[in-house]
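As a plain string of letters, each chain reads:
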Amino acid sequence: MPAPRTAAHRSRRTWATALRRGAGYFALWMVIAGADSADFLPGLGAAVLAAWTSLRLMPPDPVGGSVRWLAALALFARFVRVSVVAGLDVARRALAPRMRLAPGYVRFRPQLPPSDARSLFLAMTSQMPGTIPSGTEPSGAISYHCLDAAQPVASQLAEEEARLLVALSGALGSSAVVADGKERHA
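Everything in this summary refers to the structure shown in the same document.

Rules used in this analysis
- Residues numbered from 1 in each chain as written.
- Predicted model: local features only at pLDDT ≥ 70, side-chain atom pairs only at ≥ 80, totals over all residues.
- Heavy atoms only, no water.
- Salt bridge = Lys/Arg side-chain N within 4 Å of Asp/Glu carboxyl O.
- Helix = DSSP H or I, 4+ residues; strand = E, 2+ residues; numbered from the N terminus.
- Buried < 20%, exposed > 50% of the residue type's maximum accessible area, 1.4 Å probe, protein only.
- Phe/Tyr/Trp six-rings, centres within 6.5 Å; stacked < 30°, edge-to-face > 60°.

## Observations concerning the pattern of salt bridges
What the rule picks out here adds up to four salt bridges. Among the salt bridges present, the one from Arg78 reaches Glu159, with a minimum N-O distance of 3.1 Å. Of the two residues, Arg78 sits in helix α3 (residues 69-95) while Glu159 sits in helix α5 (residues 153-168), which places them 81 residues apart along the sequence. Given a relative accessible area of 34%, Glu159 falls into the partly exposed group. Taking the shortest distance from any N to any O, the salt bridge between Glu159 and Arg163 comes out at 3.1 Å. Within this pair, Glu159 and its partner Arg163 are both found in helix α5, separated by four residues, close to a single helical turn. Taking the relative accessible area as the measure of exposure, Arg163 reaches 37% and is therefore partly exposed. Taken together, the shared-partner salt bridges connect Arg78, Glu159, Glu160 and Arg163 into one network.

## So, the packing of aromatic side chains
In the structure shown here, the tally under the stated rule is two aromatic pairs. Seen in terms of ring centroids, Phe26 and Phe40 are 5.4 Å apart; in terms of plane orientation they differ by 85°. Their pairing is edge-to-face. Note that Phe26 is positioned in helix α1 (residues 7-33) and Phe40 in helix α2 (residues 40-57), a separation of 14 residues in sequence. A relative accessible area of 42% places Phe40 in the partly exposed class. Taking 5.9 Å as the distance between ring centres and 40° as the angle between the ring planes, the aromatic pair formed by Phe108 and Phe121 counts as tilted. Here the residue Phe108 occupies a position in strand β1 (residues 104-108), and Phe121 occupies one in helix α4 (residues 116-126), the gap between them amounting to 13 residues. Overall, Phe121 belongs to the buried group, its relative accessible area being 0%.

This is a description of form; function is not addressed.
Written out as structure tokens, the structure is:
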């Protein structure tokens with residue numbers, strides 16, 4: 001179970017997040033506008049305003065999760081590779097009249113609780129050729145329509161969810177799930 005967060009810790013975390021975001025927005029401003037000294041003050045003002053707005057629209061995660069960017073990059077690269085391979089497979093099945101299609105539904109029970117992280121998982125899996133989430137059942141399982149329900153779709157979805165959990169590292173509401181298969185509640 002995570003240590004309880006004090007108000008002082010949350011305040012320091014909010015300031016640190018604001019400084020990181022502000023620095024990023026300022027750097028973006030300077031890249032776009034050029035590194036001219038006349039652009040410094042307007043850029044600083046725009047960065048402060050953008051950081052303040054971003055904190056209002058997307059405050060720091062209350063349980064302290066943060067994205068692991070290398071794992072997220074690896075997840076994206078895998079997503080592109082798997083999408084291309086699966087897209088070629090779907091095209092081959094559609095264009096070859098003898099290829100067997102076994103459309104059907106597969107139910108998958110995710111570890112992710114209803115959260116932004118789960119919404120991201122649904123969006124990711126909706127882009128994978130051959131499967132599309134078609135609804136959530138009262139039990140919490142997600143129903144997927146598949147072109148070939150005989151394939152190991154549930155195990156592939158579990159693998160993708162595990163990779164997403166590693167990349168999110170507690171961010172976007174995924175903190176209720178911990179690596180190694182153990183669950184905790186924040």
